Amino acid sequence: MKTKRQSEIKKTKTPIPRQRMAEQDPKTRIKNFEEVPFGFTEEEAKLEAARCLQCKNPRCVEGCPVQVPIPKFLNLISKGLFLEAAREIRAQNVLPAICGRVCPQEDQCEKLCLLGNRFKPVSIGYLERFAADYERKSGQILISGNNHPLGKKVAVIGSGPASLAAAGDLVRWGYEVTVFEALHEPGGVLTYGIPEFRLPKAIVKAEVEFLQRLGVNFQMDTVVGRTISIEELFQEEGFSAIFIGTGAGLPRFLGIPGENLVGVYSANEYLTRANLMKAYKFPEYDTPVIRGRVVATLGGGNVSIDSARTALRLGAEKSLLLYRRSRDEMPARTDEIEHAEAEGVEFHFLTSPVEILGDSKGRARALRCQKMTLGEPDESGRRRPVPDKESEFDIEADVVIVAIGNDPNKLIPSTTLGLSSQNKGGIVVDPKTGRTSRKNVYAGGDAVTGAATVILAMGAGRKAAEAIHQELSRESKILFP
Amino acid sequence: MRFKILKKVTLSDSTFWLKVEAARIAKKCRPGQFVIIRLNDTGERIPLTIVDRDLSEGSIALYVKIAGKTTALLGSKSAGDEILDVAGPLGTPSPLENYGTAVCVGGGIGVAAIYPIAKGLKEAGNRVIGLIGADRAQHCILEEEMRGVCDKLLIATDDGSKGHRGFVTELLKNLIDSGEKIDYVIAIGPLPMMKAAANVTKPSGIKTSVSLNPIMVDGSGMCGGCRVSVGGETKFACVDGPEFDGHKVDFEGLSRRLAAYRDYEEAATNSCRSIPR
């Protein structure tokens, strides 16, 4: 096996280097909210795609939660068949322009790329993004609508990645799909959470419009569990099945003194104000966000990086990121860590706050922190941070953003009879099908797992869609033999 | 989605009420719940208490005091206009138990929020005493409606132009001092008034609820901007509330958080005014 792999690598005698995407200069980009990388040119894309070894047993595909046929689409790009490449991706992944930008490729497809053994792996993410952008800009998104409506209604709750993926499959199979969203804009975390400079909202909008053209109906301002219950969706609105993709929207706090001071935000609130409510365009937009002089963000994930980079763009003199472990344990995407470093985000590793200190007006002014050392690995496999109690010191900050994770919102489990959920709110499902404890109710994505990734949520949405299709087809056969 | 304004009634120079078409919300809402509204694409999301509903018409009633840019803009709308977004009913409904004698204290626009609760408490079998206050007689709202659901109604105005001259919380204190047996108090109004009401009932240990109206964004538990310390525990007013035990709420912390954007609000209102025609 090993010799075979090596022989495949040897085919590339004069290896083409991994192509880099041109991007906005860090000094310029921290003054705007526009997207950082510009994307590949056609020539760069062809060159990069040609690096693919076209392995017979492509391991990259195994690393992809939705099994995008990677070598196939890379081959099409290398031949300049960009639209064909996009369609090849879209058959497995309904949100390619989004996944190309936000997937943790280095832990998935690119991690397993054979080229990575000796050189750098193929830029699969950048190429996915390229193909999807090419397709969108060409205006030639292929709409393969279903000509055989099945006459059955499926409700999809929430409009984030899990829901969009489920809705996309269900509508193509002929179901009448209605997506219910609590907020005034569709997209879930893609809209309220991920900043414009990392995922332009025009792209999310284009993906939603694509689903609308397929026939998906979006109903905003509908808080399922409050505006209408699961029970009523079945009994009164005539839905045959329901998919719950409500994500993990309940912010965790540290539980330390000073957390309710003015200037302390959950990352959800900070990012929602900035992204969904466009606080960076205040006062053109009504919603403000406190523009700190020194902003300290707590946490080491993508949400934390997004917050710290947003703070710079909102005019912070200093944007600090405090993480209780070291750089190696950061769960954030490598690209984003590097972007944040280039932009001047100051990283304070092995640092954990114990208190937020306020001024006489009740506004945050500093963080009291402890130094940590790394002990034995914990259940996540990362080395557990151990506090050094003697090491307290203060860091000045007038805005503090708590980005230490989210749990699923309990609204639907708490208002739905017979729907089992865990203590932290995650809906209990059969992982193979997304089936919950209630008949014809399915769930997937962060609403089940707690905060994870866009692509895992999409994968779960697609699995549930398939299970819904099987179940409803079976019911039809029983009714109409 | 768009929600049609079916009726608008001006109550005073700074207060008005609206009937808004929202059939699903009307069907589901219970006393104590609220909606979040947004008026236009650049608008903010603000919470407003649901005061009444009309099931046959599928509408809800909202009482509004002009306090900033959004409420002022809403005040400029008339019947036939639309509100871009109305989401709800949000929050945990008021627990309408039969306590015995329940006192409903409302101050200013808070009278609108106390009215459906007074009505609900009456329907639950309580003897209901209503205490309502305003700065002056013209700003006293829903008096007849309150009289209709209360066994006894007392009014206070700051300038004495109607009823007792002074604060509505003084009426509450007088009531307690007179030896009236009170089993439950709910107070809704400006923060200092709710704090004062909780202070008045504390010595006698009367169960006292207050309904908080902190700054919110989504209103469904996602942002945590509405968090408030209650008995040392952090609660989200939008999902855990808006009603909490008045004896346990950290009013100081809440009042500071309510003022967090004061400078920005001025900027927003001014820029609105300075937009050239």
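Because the structure is a prediction, the values reported are computed rather than measured.

*Asks:* Help me get a handle on the packing of helix H5 (residues 168-177) of chain B against helix H6 (residues 191-201) of chain B, residues and values and all.
*Replies:* All names here are of chain B. Viewed as axis vectors pointing N to C, H5 and H6 meet at an angle of 10 degrees, and their least axial separation amounts to 9 Å. Compared by their axis directions, H5 and H6 come out roughly parallel. Facing Val168, Thr169, Leu172, Lys173 and Ile176 of H5, the residues of H6 in contact are Met193, Ala196, Ala197, Val200 and Thr201. Its residues assigned to classes, the contact of H5 with H6 comprises 7 nonpolar, 2 polar and 1 charged.

*Asks:* Can you tell me about the pairing of strand E14 (residues 227-230) of chain B, naming the residues and giving the values?
*Replies:* Residue and element names in this part refer to chain B. Side chains of E14 alternate between two faces, with Arg227 and Ser229 and Val228 and Val230 buried alike. Of the strand pairs in this sheet, E14 and strand E15 (residues 233-236) are connected by 4 bridges, and their pairing is antiparallel. Each residue of the ladder has a partner; that of valine 230, found in E15, is glutamate 233. Between the antiparallel neighbours E14 and E15 lie 2 residues, among them glycine 231 with a positive phi of about 60 degrees.

*Asks:* Lay out the environment of leucine 131 of chain B in plain terms, naming residues and giving numbers.
*Replies:* Residue and element names in this part refer to chain B. Within the secondary structure, leucine 131 is located in strand E9 (residues 127-134). On a C-alpha basis, the gap between leucine 131 and isoleucine 141 in space is 12 Å, while along the polypeptide they are 10 residues apart. Once residues within four sequence positions are removed from consideration, leucine 131 is found in contact with Val103, Cys104, Val105, Gly106, Leu153, Leu154, Val168, Leu171, Leu172 and Leu175.

*Asks:* Run through the sheet that holds strand E10 (residues 152-157) of chain B, naming residues and quoting values.
*Replies:* Residues and elements named next belong to chain B. Taken together, 7 strands build an open sheet; the order of strands is E11-E10-E9-E8-E12-E13-E16 and the sheet is mixed. Of all strands in the sheet, those bounded by a partner on one side alone are strand E11 (164-165) and strand E16 (243-245). The strands touched by helix H3 (residues 110-123) within the sheet are strand E8 (101-107), E9, strand E12 (184-188) and E16, with E8 carrying the most contacts at an inclination of about 165 degrees.

*Asks:* For the side chain of serine 307 of chain A, give the residues involved together with the corresponding values.
*Replies:* All names here are of chain A. Tracing the sequence through the fold places serine 307 in helix H15 (residues 302-313). Taking the relative accessible area as the measure of exposure, serine 307 reaches 0% and is therefore buried. A polar contact is formed between the side chain of serine 307 and the backbone oxygen of valine 303, at a distance of 2.8 Å. Apart from residues no more than four positions distant in its own chain, serine 307 is found in contact with Ala267, Tyr270, Leu271, Thr297 and Ile401.

*Asks:* Please set out H15 of chain A residue by residue, giving values where relevant.
*Replies:* Residues and elements named next belong to chain A. End to end, H15 covers 17 Å across 12 residues, agreeing with the expected 16 Å (1.5 Å per residue, within 8%). Burial within H15 is extensive, with 10 of its 12 residues counted as buried. Regarding H15, the residues found buried are Ser304, Ile305, Asp306, Ser307, Ala308, Arg309, Thr310, Ala311, Leu312 and Arg313. Of the residues one or two after H15, glycine 315 is the one with positive phi, at around 100 degrees.

*Asks:* I'd love a proper account of unusual backbone geometry, names of residues and values included.
*Replies:* It is generally the case that most residues other than glycine have a negative phi and that most peptide bonds are trans. Put simply, glycine 88 of chain B and proline 89 of chain B share a cis peptide bond, and its omega is 0 degrees. In the segment running from glycine 241 of chain B into proline 242 of chain B, the intervening peptide bond is cis, with an omega of 15 degrees. Checked against the element boundaries, proline 242 of chain B lands in the loop between E15 and E16. The backbone of glutamine 67 of chain A shows a phi angle near 50 degrees, a positive value even though the residue is not glycine. Within the element layout of this structure, glutamine 67 of chain A appears in the loop between helix H4 (59-62) and helix H5 (70-78). Unlike most non-glycine residues, aspartate 221 of chain A shows phi in positive territory, near 55 degrees. Counting through the fold element by element, aspartate 221 of chain A comes out in the loop between strand E3 (217-219) and helix H13 (230-235).

*Asks:* Which residues make up the sheet that holds strand E8 (residues 318-322) of chain A, and what values do they have?
*Replies:* All names here are of chain A. Spatially, E6-E13-E7-E8-E9 is the arrangement adopted by the 5 strands of the open sheet, whose pairing is parallel. Edge strands, defined here as strands with exactly one partner in the open sheet, are strand E6 (264-266) and strand E9 (346-348). In this sheet, neighbouring strand axes are inclined to one another by 20 degrees on average, regardless of whether the strands run parallel or antiparallel. Two elements, E8 and E9, share 3 bridges in a ladder whose sense is parallel. Bridging across to E9, leucine 320 finds its partner in glutamate 346.

*Asks:* Could you give an account of the domain arrangement of chain B, with specific residues and numbers?
*Replies:* Residue and element names in this part refer to chain B. Structurally, chain B comprises domain 1 (3-90), domain 2 (92-209) and domain 3 (212-264). For domain 2 and domain 3, the distance between their C-alpha centres works out to 22 Å. Every contact between the two is made by 15 residues of domain 2 and, on the other side, 15 residues of domain 3. At the boundary of domain 2 with domain 3, total buried surface from both sides reaches about 1100 Å², with 59% on carbon and sulfur atoms. Across the domain 2-domain 3 interface, the total number found is 1 salt bridge. As a salt-bridge pair, lysine 195 and glutamate 252 come within 2.5 Å of each other at their nearest N and O atoms. Our count for the domain 2 to domain 3 interface comes out at 8 residue pairs in polar contact (both at pLDDT 80 or more). Elements represented by at least two residues in the side of domain 2 that touches domain 3 include exactly E12, H6 and strand E13 (207-211). Element by element, the count of residues in the side of domain 2 that touches domain 3 is highest for H6, at 5 residues.

*Asks:* Talk me through the pattern of salt bridges; I want residue IDs and the actual numbers.
*Replies:* This structure, assessed with the given rule, holds 54 salt bridges over all chains. With a shortest N-O distance of 3.0 Å, arginine 24 of chain B and glutamate 237 of chain A are connected by a salt bridge. Of this pair, arginine 24 of chain B sits in helix H1 (residues 23-28) while glutamate 237 of chain A sits in the loop between H13 and strand E4 (239-244), which puts the two residues in different chains. Given a relative accessible area of 22%, arginine 24 of chain B falls into the partly exposed group. A relative accessible area of 25% places glutamate 237 of chain A in the partly exposed class.

*Asks:* So what's going on with the interface of chain B and chain A? Residues and values would help.
*Replies:* Contacts between the two partners involve 47 residues from chain B, matched on the other side by 46 residues from chain A. For the pair chain B and chain A, the two sides together bury roughly 3800 Å², of which 53% comes from carbon and sulfur. If you sort the residues of chain B by the area they bury against chain A, Arg24, Met222 and Tyr264 of chain B come out on top, with a joint share of 19%. Across the chain B-chain A interface, the total number found is 5 salt bridges. Where lysine 69 of chain B meets aspartate 286 of chain A, a salt bridge forms, and the shortest distance between an N and an O atom there is 2.7 Å. Linking chain B with chain A are 24 residue pairs in polar contact (both at pLDDT 80 or more), by the criterion used here. For the side of chain B that touches chain A, the secondary structure elements donating two or more residues are H1, helix H2 (69-75), strand E7 (85-90), E14, E15, helix H7 (251-258) and helix H8 (262-274) of chain B.

Conventions adopted
Residues numbered from 1 in each chain as written. Chains lettered and ligands numbered in written order. Predicted model: local features only at pLDDT ≥ 70, side-chain atom pairs only at ≥ 80, totals over all residues. Heavy atoms only, no water. Axes fitted to C-alpha atoms, helices over the stretch in contact; angles between N-to-C directions. Helix = DSSP H or I, 4+ residues; strand = E, 2+ residues; numbered from the N terminus. Parallel < 35°, antiparallel > 145°, perpendicular 65-115°, else oblique. Contact = heavy atoms within 4.5 Å. Nonpolar A, V, L, I, M, F, W, Y, C, P; charged D, E, K, R; others polar. Buried < 20%, exposed > 50% of the residue type's maximum accessible area, 1.4 Å probe, protein only. Pairing = 2+ DSSP bridges. Polar contact = N/O pair within 3.5 Å; in protein donor to acceptor, adjacent residues only side chain to side chain. Expected span 1.5 Å × (residues − 1). Domains from an automatic or database assignment. Buried area = accessible area lost by both parts, 1.4 Å probe. Salt bridge = Lys/Arg side-chain N within 4 Å of Asp/Glu carboxyl O.

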